[in-house]
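Here are the chains, one letter per residue:
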Amino acid sequence: MSMRIAIRADASGWIGTGHIVRCVTLAQVLRARGHVVAFVCRTDMGHRCDWIEQAGLAVYRLPSPALNGDWVIGSPQSLDWETDARQTIDALRTFAPDVLIVDHYGLDGHWESAVKGALGVSNLMVLDDLANRPHACDLLLDQNLLDDQNSRYIKLVPEACQLLLGPHFAILHSDYVQCRQQRQKRMKERRQSDPLQMMASFGGTDRWHLCLKLAKAYAELAPSSLQMDIILSPTHEDWAVLLELSEHVPGLNLLPPQAGLAHIMAASDVAIGAGGTTTWERLCMGLPTLVVTVAENQKVIAAWLDRLGLIKLLGSADEVSEKDWQVALTAIRDTRGLILSHTPEQLMGVVDGLGAERVAYALESACAISLEQVR
């Protein structure tokens, strides 16, 4: 049964690119299973509409709202849900979706009820990480690992809503499954005398200049036993300074954004980066990680993962100093990257990389049941 699936998600300088990245990954899995997928995205500064289209997916573009006293462009807290619902409905009338997927912190049950009713979709699925607002959905996916994950949505979704909870459903690109073997091979073949290979990435924006602070700390420490790849956009204001540093500091390598980080992770021994979706990618690869949270919603999840010994939490982006980076790099050097209580194999056991297929199957099953009920 082929379905027409619409996905409502945004990217911007304010909210980052994580929602779009995971939705495109899910869309590619759904398309490979024979479904037609289209996106509805607002064109705020930093949108990724062109990138979505380059992936072969249609995009219905919503206008970026005018900046006024109550609306900060790209801020989910300031989204006018009624206007967004009306524009989304108008955009999708011709596409006529059977299913709607929503991955947006600024939208809740009011929007979901309005759009689902107007378009007559059979099933609506929400991707959420916050559990801070009610939903009117048939399925809800929260791929995070928390101590209360089995109870946090009880009063926020309809009783019949199917819950897909935990990293068992983490949406990862198929590259991560394929590259796990490369990572395992590296762990077996790596010699004690080999330099420790690190990778650092803080998402699509790096508003707190974390890459630059980290690079300066690395340059100050000048560790011959460490090497570091830093991933940052060439359009970032720190790119020129970092490029000059990389040309003069041995072992420091500056890279532009990659189509995916799986191959870099497979060749790394330790990761340094933000919380969010990349957390599950690094766990899938068994990569010990030093985490800096770059959004408020990452703090609770990162703190719990740190408590479980699955990551090492350094702090939040607005608090971490260059001195903190020097201390952290020294610890990585002195422990030879053994910064966690769990082994890489144990980290891999938390996320197997097959979550996107499980989510697609759950969505197909729900739609099949809805179709049978109509008959």
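A short tour of the structure in this document, coming up. (Residues numbered from 1 in each chain as written. Predicted model: local features only at pLDDT ≥ 70, side-chain atom pairs only at ≥ 80, totals over all residues. Heavy atoms only, no water.)

### Focus on the pairing of strand β2 (residues 36-42)
How we decide: Burial classes: relative accessible area under 20% of the type maximum marks a residue as buried, over 50% as exposed, and values in between as partly exposed (1.4 Å probe, protein chains only). The helix and strand labels rest on DSSP assignments: H or I over at least four residues marks a helix, E over at least two residues marks a strand, and numbering proceeds from the N terminus. Should DSSP find at least two bridges between two strands, the strands are taken to pair. Note on handedness: a crossover is taken as right-handed if, strands pointing away from the viewer, the path from the first strand over the helix to the second is clockwise.
Counting buried residues in β2 gives six out of seven residues, a clear majority hidden from the surface. As paired strands, strand β1 (residues 4-9) and β2 are joined by five bridges and run parallel to one another. Bridge assignment links Ile5 to a residue of β2, and that residue is Val37. In this view, the connection linking β1 to its parallel neighbour β2 by way of helix α1 (residues 18-32) has right-handed handedness. Note: β2 against strand β3 (residues 58-62), five bridges, orientation parallel. What sits directly across from Phe39, in β3, is Val59.

### Brief notes about the packing of aromatic side chains
Put simply, the rule is: Any pair of Phe, Tyr and Trp rings, taking the six-membered ring for Trp, is counted once the centres come within 6.5 Å. Such a pair is stacked with planes under 30 degrees apart, edge-to-face with planes over 60 apart, and tilted for the rest. Remark: a charge is flagged as sitting over a ring if the NZ atom of Lys or the CZ atom of Arg is within 6 Å of the ring centre and within 35 degrees of the ring normal.
Counted by the stated rule, this structure contains two aromatic pairs. Stacked on the ring of Phe95, the Lys or Arg Arg4 has its end atom at 4.3 Å from the ring centre. Residue placement shows Arg48 over the ring face of Trp51; its charged tip is 4.6 Å from the ring centre.

### Here we look at the sheet that holds strand β8 (residues 196-201)
The line we're drawing: To obtain an axis, a line is fitted to C-alpha atoms, over the contacting stretch when the element is a helix, and the angle between two such axes runs from 0 to 180 degrees between their N-to-C directions.
Taken in spatial order, the six strands line up as β10-β9-β8-β11-β12-β13 in an open sheet, and their pairing is parallel. Because the sheet does not close on itself, it has two edges, and the strands there are β10 (252-255) and β13 (312-316). For this sheet the average axis-to-axis angle between neighbouring strands, irrespective of direction, equals 15°. Strand direction decides the pairing type here: strand β12 (residues 289-293) and β13, joined by four bridges, are parallel.

### Things to note about helix α5 (residues 174-189)
The line we're drawing: A helix is expected to reach a length of 1.5 Å times the quantity of its residues less one. One fitted axis covers the seven residues ending at a residue, a second covers the seven starting there, and the bend at that residue is the angle between these axes. Note on contacts: a residue pair is in contact if any heavy atoms of the two residues lie within 4.5 Å.
Between the first and last C-alpha of α5 there are 24 Å, a value that for 16 residues agrees with the 22 Å anticipated at 1.5 Å per step. Helix geometry: α5 is bent most strongly at Arg180, by close to 30°. Its buried side turned inward, α5 meets α8 (262-266), α9 (278-284) and α12 (344-348).

### Some remarks on the pattern of salt bridges
Convention followed: Any carboxyl oxygen of Asp or Glu that lies within 4 Å of a side-chain nitrogen of Lys or Arg is treated as forming a salt bridge with it.
This model, assessed by the stated rule, comprises 19 salt bridges. For Asp84, the salt bridge identified is with Arg42, shortest N-O distance 2.8 Å. In this pair, Asp84 sits in helix α3 (residues 81-92) while Arg42 sits in strand β2, placing the two residues 42 residues apart along the sequence. Beyond isolated ion pairs, a larger network of salt bridges with shared partners links Arg8, Asp10, Arg42 and Asp84.

### Things to note about the sheet that holds β3
Pairing within the open sheet is parallel, and its seven strands lie in the order β3-β2-β1-β4-β5-β6-β7. At either margin of the open sheet sits one strand with a lone partner, and together these are β3 and β7 (162-165). Direction aside, the axes of adjacent strands within the sheet are offset by 20° on average. By the bridge criterion, three bridges tie strand β5 (residues 123-127) to strand β6 (residues 139-142) in an arrangement that is parallel. Pairing of Val126 across the sheet is with Leu140, part of β6.

### Structural notes on the pairing of strand β9 (residues 226-231)
Burial within β9 is extensive, with five of its six residues counted as buried. Of the pairings in the sheet, the one linking β8 to β9 comprises six bridges and is parallel in character. Across the sheet, the residue bridging to Ser201 is Ile231, located in β9. Where β9 meets β10, four bridges bridge the pair, whose relative direction is parallel. When the sheet's bridge partners are listed, Asp229 is paired in β10 with Asn253. A crossover links β9 with its parallel partner β10, the connecting element being helix α7 (residues 239-248), and its sense is right-handed.

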